Amino acid sequence: MLELYFTPGPSALYFTAEEHIKTALKKGVCSTSHRGQQFKDIYKECQQNLRKLMDIPEDYHVLITSSANEAWERIIENCVEDESYHVSMGAFSQRFAKIATQLGRTAHELVAEDGTVPDFKAIEVPISAELITICLNESACGTTFPLDSINALREKYPDKLIAIDGVSGVPVIPIDFRNIDTLYFSVQKAFGLPAGLGIWIVNNRCLEKAKTLEAKGKVTGSYHRLPDMVEKAQVYQTAETPNILGIYTLAKVAADMLEKGTLAIRREIDYKSAILNQVIDAHPQLHHFVENDKYVSKTVKVIKTDFDSGLLIEHLKQRKIHVGTGYGGYKNQQIRIANFPTHSKEQTEMLVDLIEAFRA
Ligand SMILES: *Cc1c(COP(=O)(O)O)cnc(C)c1O
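In this text, all values refer to a predicted model and were calculated from it rather than measured experimentally. Within any chain, residue numbers begin from 1 and follow the written order of that chain's sequence. For this predicted model, a pLDDT threshold of at least 70 governs which residues receive local features, and a threshold of 80 or more governs which side-chain atom pairs are given and counted, while totals over whole chains, interfaces and linings are taken from all residues. Water and hydrogen atoms were dropped before computing side-chain values, which therefore reflect all heavy atoms in the structure.

Caption draft 1: Structural view of the environment of Lys 218. The residue Lys 218 is located in the loop between α6 (204-215) and α7 (226-234) in this model. Placed 215 residues apart in sequence, Lys 218 and Glu 3 show a C-alpha to C-alpha distance of 49 Å. Strands are runs of DSSP state E lasting at least 2 residues, helices are runs of H or I lasting at least 4, and numbering of each runs from the N terminus.

Now the structure itself:
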C-alpha cells in the first residue's frame, strides 16, 4: 500500500495529478516559453476551468501568485492605504494582520479564542478601515466561518472591501463572489496539488482601489502591482516566469473536479466529515477542539487528545497513514486531519476504523 496523506497541507495529491504531471512532461510543459502560445493556452484553460468550478463571475480577474502568503502582501499593498480590519481565528488568519502591520498599516484585529468563531455582533469594523479580512476555514484550529456572516458583513459594510482566505475551504465551500471582493488560495490543500502556486481572484473594486493609491503616489508593489497583473492576465500572461507545471496541473485537476461535479464532491465531503465527527464523539480519549458544532470545519478536523498526540500519529504512520500534528503550541495535544476532495470514502473509513480501535 502507498503512503496515505491526511495531513492538512501539503496533503495527498488529487488522484489524477500524477497522470497529468506525466503528460505535462511529455508535452514539454516544463520547457516551454511563458511568452509562447502553449503557455497562454494553459493559463486560459486554468482560468476558464476555475471560473466554472468555483462560479467566479466574468468580471473578476484570476491571477497567479506564488502562494497565499503572497496574496496577503499583495492585498495590503494594493487595497489598503492606512487601515485594515482582521477577524483572526488562529495562526493563519493572524498572519494577515501581522503582514499589514509589517507594511506600515494600522491593523485592527478581532482575535477569537482558539477553537471559536466570533459572533457576528462582535465584528465591529471602524469607519476608517478600508478592508475586512476573513478566513473561511482556519486550518490551525479547525474552525469554519459561516457563509451567512460573510453575506451579512457585505450588507452591513457595503463600502469596505472584503477579502477571503479560501485556502483549505475552496472548492468545497461554495462562495458567493458577489458578496466579496477578493479571494485567494494555495493549491496544496483542498485542490491536492504540489505546493508553490497561489491563485488570487480580484474584482474591479480592488483594481480601482490600487489605481487610486497609485494616483496618490503610493507604492503598490513592483513586478506584481495589481493593475499590471490584471492587464497581463487579460492576455494570459504573467510578469515573471511562473509555475507553468503547477498552472497546467491545476487546469487539468479543475477539469476533473468539474466532470465529477461539485455536488458529488460536496456530498462525499459531508459523508467523510460525518464519520470523522462520529469517531471523535464516540472515542473516550478524543474530543473536538471546536466545541460549537456550527463552527466545526468539514475539511480540517482538529482533535484534542487526552494523551500525547504523537502516540496516535506514530501508530497511524506505522500503517502508512499520515495525519497532522497540532499547530504551533498544540503540537503534542492535538491531531489535525484533512478531509479534502482527493480523500476517498474508503480511505477515510479505514482511517476512522484505526482511530476507533486505538487506545493510548
Ligand atoms: C496553509 C494556509 C495558508 C498559507 O498557505 P501558503 O501556501 O503557505 O502561503 C494560509 N491560510 C490558510 C487558511 C492555510 O491553511
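Caption draft 2: Examining the layout of surface pockets more closely. Throughout, the protein atoms alone are placed on a 1 Å grid, and a set of points is a cavity if a 1.4 Å probe fits but cannot get out or a pocket if it is open with protein on both sides within 12 Å along at least five of seven lines; lining residues have an atom within 4 Å of a point. Grid points are joined across faces, edges and corners, and a volume is the space filled by probe spheres set on the points. Considered as a void within the structure, the largest pocket measures approximately 290 Å³ in volume. In terms of lining, the largest pocket is formed by 13 residues, of which the most central are Leu 2, Glu 3, Ala 12, Leu 13 and Phe 15. For the lining of the largest pocket, the secondary structure elements donating two or more residues are β1 (4-5) and α1 (17-26). Split into classes, the residues belonging to the lining of the largest pocket amount to 8 nonpolar, 3 polar and 2 charged. Counted as a void, the second largest pocket has a volume near 240 Å³. What lines the second largest pocket is a set of 16 residues, and nearest its centre among them are Thr 144, Val 172, Ile 173, Pro 174 and Lys 298. Put simply, Ala, Val, Leu, Ile, Met, Phe, Trp, Tyr, Cys and Pro go in the nonpolar bin, Asp, Glu, Lys and Arg in the charged bin, and everything else, Gly too, in the polar bin.

Caption draft 3: Geometry of empty space enclosed by the protein. If you walk through the whole model with that rule in mind, you get 3 cavities of 30 Å³ or more. Along the walls of the largest cavity sit 13 residues, with His 224, Met 229, Gln 237, Thr 238 and Ala 239 positioned nearest its centre. If you tally residues by element for the lining of the largest cavity, the top one is α7, at 4 residues. Residue composition of the lining of the largest cavity, by class: 7 nonpolar, 3 polar and 3 charged.

Caption draft 4: Representation of unusual backbone geometry within the structure. Here the amide bond leading from Gly 9 into Pro 10 is cis, since omega sits at -10°, within 30 degrees of zero. Among the structural elements, Pro 10 can be located in the loop between β1 and α1. Following Val 170, the chain continues to Pro 171 via a peptide bond in cis, the omega torsion being 5°. With respect to the helices, strands and loops of the structure, Pro 171 is situated in the loop between β8 (161-165) and β9 (182-186). The phi angle at Asp 55 is positive, at roughly 55°, despite the residue not being glycine. For every residue, the accessible area (1.4 Å probe, protein chains only) is compared with the maximum for its type, and the residue is labelled buried under 20%, exposed over 50%, or partly exposed between those bounds. Of the residues examined, Asp 55 reaches a relative accessible area of 63% and is grouped as exposed.

Caption draft 5: How the structure looks around the site of the ligand. The rule for a residue being near a molecule or strand is that one of its heavy atoms must lie within 4 Å of it. Neighbouring the ligand are 13 residues, the closest being Asn 69, Ser 139, Asp 165, Ser 186 and Lys 189. By the criterion applied in these results, polar contacts are pairs of N or O atoms within 3.5 Å in which, for protein atoms, one can donate a hydrogen and the other can accept it, and in which residues neighboring in sequence qualify only through two side-chain atoms. Between an oxygen atom of the ligand and a side-chain N or O atom of Ser 139, the distance comes to 2.4 Å. Within the side chain of Ser 186, an N or O atom sits 2.6 Å from an oxygen atom of the ligand. Burial of the ligand by the protein chains amounts to 88% of its free accessible area of 390 Å². Among the elements that line the shell around the ligand, the one with the most residues is helix α3 (residues 68-79), at 3 residues. The residue inventory of the shell around the ligand, partitioned by class, reads 5 nonpolar, 6 polar and 2 charged. Using the Shrake-Rupley algorithm and a 1.4 Å probe, accessible areas are obtained, with residue cover drawn only from the displayed protein chains.

Caption draft 6: Local environment of the domain arrangement of the protein. An automatic or database domain assignment provides the domain bounds reported here. We note that the domain assignment places domain 1 (4-11 + 261-357) and domain 2 (17-259) within the protein. The C-alpha-based centres of domain 1 and domain 2 are spaced at 26 Å. Listed as interface residues are 24 residues of domain 1 and, on the opposing side, 26 residues of domain 2. Here domain 1 packs against domain 2, burying approximately 2100 Å² in sum over the two surfaces, 62% of which is carbon and sulfur. A contact between two residues is defined here by any heavy atoms of the two lying within 4.5 Å. A 1.4 Å probe defines the accessible area here, and the buried area is the portion of it lost by two parts on being joined, summed over both.

Caption draft 7: Up close: the sheet that holds strand β2 (residues 61-65). Strand pairing is defined by DSSP finding a minimum of two bridges between the two strands. Spatially, 7 strands are ordered β2-β10-β9-β8-β5-β3-β4 in an open sheet, and the strand pairing comes out mixed. Edge strands, defined here as strands with exactly one partner in the open sheet, are β2 and β4 (106-111). Strand-to-strand twist across the sheet, computed as the mean angle between neighbouring axes with direction ignored, equals 20°. The pairing of β8 with β9 spans 3 bridges and is parallel. Of the residues in β9, the one forming a bridge with Asp 165 is Tyr 184. Helix axes are fitted to C-alpha atoms over the stretch in contact, other axes to C-alpha atoms as well, and angles between N-to-C directions run from 0 to 180 degrees. Sitting on the sheet, α3 touches β2, β3 (83-88), β5 (131-135), β8, β9 and β10 (198-202), and the angle it makes with β9 is about 155°.

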